[in-house]
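# Examination of the molecular architecture
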Amino acid sequence: MRIQGCVAHETKTTKMCDENESCTRIDTDQTNPQLSLSDLPVEIFLHICSFLDASTLVHGLSLVCKQFHQILNDNSLWKVRITKIWPDTGYPVLPPVEDDELFWKLSCVALEKQTSLWRKENVTMEKLSLNNVQYSTIDGLLLMQGGNICISGARDRSLVCWKLSTKENERESYTSIDFAHNGWIWDLAAIDNTVYSCSWDQSVKAWTLTSTGLAHFKTYEMIVGGALLCVASCPELGLFATGSFCKTILVFDSRLCKPIINYQPHKRAVIKLAMSSHFILSASEDRTVSIWDQRAGRIMKNVTISQESFPMSMCMQRDMIYVGDGSAKLHVLDPRNDFKRVKCYTTEHKKGINGVHSTPGCLITSSMDQTVRISSPTDPPQHLTTLKSSYGEIASTDYLNDVLAVSGTEGIEIWRPRSQIQYA
């Protein structure tokens, strides 16, 4: 084994360099020899490591000394460990970037953590209910500041900033703007501490998140006649985009009031957007996902997701895109292969998938059937747990820093690790 050879060579060199000191130690302490982990054969060391969680190994033991780092730096160890967590599956769903030397370590840490959290969510997760403030369906939902702040926009036109409790016996607090828009608030996005809300009143408004709540900052000029149904942001470029009922997508520089790009890639309403520094993806009722190339400034292509139903939700990562559709199927697009639809999974949802969030440790899908399913991010996904909404049909979800927010009619439910609560 390559690693064993390296360790043996290093150990031999160390013993040669410290020969005099070693001999002295043996002569003076023959009656009480002391062994440490570094003296053990690699096989025994790895067997001991199998009883420790991946986070302890990566963020603790591998930093103790060069010898431990070399042993635990072998990707094959982490691949085997992932296989034991989710046997008979492929991970990741699509091949990772080759030059990411931390990929397998950090993926294993994430998988172990999320599996532990969600397999016994009634024990490991705390559930909060935020209600009696907004009195209609809450379509806009956004987690901020590590999951300690939740912003919600509803059809009653109100915008609420919830501050979640961080200490035992502390209650959640909120501030509300009752008439934030003149129409239903449909979607939310953020760039740093600025929140962007889009509405059926054909406007996007910017709100600054302060210590006391939200303060109106700017209203952006629209050049479309239809309701705005979605908004997405790219913090790296300081850009955001909004999609409309009249098929148009507008891209804004957050510093300017007028759009810098205006294009119409679909034949029907634009209902979902996802945005990165390279691409803007738009999902439409015309059953396609359109890809806009930010660098070239043009539409790259349109991908037909299904002949049966239209795409309802998207999650865009650098190497993979999930698309949930109205027939409860989950599709995978490969951006490194011309955005081809390379995989399709049938889920246990009974109605359309209107929310999807993917992390290295878990895959979250929400549906109009009032359930949220937590699965493994593997090929194929493996079920971990199912959560039932207490507020009827799910309208929106968000996921940040292990905190899950789910909204419905007149209320929001939050699931978060109990370890995030500070005890006095």
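The coordinates are above.
So, a few notes on the structure that sits alongside this text. The structure presented is a predicted model; accordingly, all values stated were derived computationally and were not measured.

### Thoughts on the sheet that holds strand 12 (residues 249-253)
Taken in spatial order, the four strands line up as 10-11-12-13 in an open sheet, and their pairing is antiparallel. Because the sheet does not close on itself, it has two edges, and the strands there are strand 10 (228-234) and strand 13 (261-263). Geometrically, the sheet is characterised by an average inter-axis angle of 15 degrees between neighbouring strands, direction not taken into account. As paired elements, strand 10 and strand 11 (residues 239-244) share six bridges and run antiparallel to each other. Directly across from Ala232, in strand 11, lies its bridge partner Ala241.

### Topic: the nonpolar core
Counting 34 residues, the largest nonpolar core has Trp78, Trp118, Val372, Ile374 and Leu404 as its most contacted members. With seven residues, helix 7 (residues 103-119) is the largest single contributor of residues to this core. Residue-level mapping places this core at the junction of two domains, with at least three residues from each of domain 1 (42-117) and domain 2 (126-417). With residues near it in sequence (within four places) discarded, Trp118 still touches Met125, Cys362, Ile374, Leu384, Thr385, Leu387, Tyr399, Leu404 and Trp415.

### Concerning helix 6 (residues 75-85)
Along helix 6, the residues classified as buried are Trp78, Arg81, Ile82 and Ile85. Down the axis of helix 6, the buried side of the element spans an arc of 100 degrees, and every buried residue falls inside it. Turning to helix 6, the residues buried within the fold contact helix 3 (42-49), helix 4 (54-59) and helix 7.

### Observations regarding a nonpolar patch on the surface
A cluster of nonpolar side chains, Leu37, Ile44 and Ile48, forms an exposed patch at the surface whose accessible area comes to about 220 Å². Along the chain, Ile48 turns up in helix 3.

### Some points on unusual backbone geometry
Of note, the bond from Tyr91 into Pro92 is cis; its omega dihedral lies within 30 degrees of zero at -10 degrees. The omega torsion of the bond from Asp379 to Pro380 falls at -5 degrees, within 30 degrees of zero and hence cis. In this fold, Pro380 is placed in the loop between strand 24 (371-375) and strand 25 (383-388). Positive phi, close to 80 degrees, is recorded for Lys247, a residue that is not glycine. Residue position: Lys247 is located in the loop between strand 11 and strand 12. Positive phi, close to 70 degrees, is recorded for Glu410, a residue that is not glycine. The topology assignment puts Glu410 in the loop between strand 27 (403-407) and strand 28 (411-417).

What counts and what doesn't
- Residues numbered from 1 in each chain as written.
- Predicted model: local features only at pLDDT ≥ 70, side-chain atom pairs only at ≥ 80, totals over all residues.
- Heavy atoms only, no water.
- Pairing = 2+ DSSP bridges.
- Helix = DSSP H or I, 4+ residues; strand = E, 2+ residues; numbered from the N terminus.
- Axes fitted to C-alpha atoms, helices over the stretch in contact; angles between N-to-C directions.
- Core = buried A, V, L, I, M, F, W, Y, C linked by side-chain atoms within 4.5 Å.
- Buried < 20%, exposed > 50% of the residue type's maximum accessible area, 1.4 Å probe, protein only.
- Domains from an automatic or database assignment.
- Contact = heavy atoms within 4.5 Å.
- Arc of directions from axis to C-beta.
- Patch = residues over 30% accessible without salt bridge, like charges linked within 9 Å, V, L, I, M, F, W, Y side chains within 5 Å.
- Areas by Shrake-Rupley, 256 points an atom, 1.4 Å probe, with all protein chains shown as cover.
- Salt bridge = Lys/Arg side-chain N within 4 Å of Asp/Glu carboxyl O.

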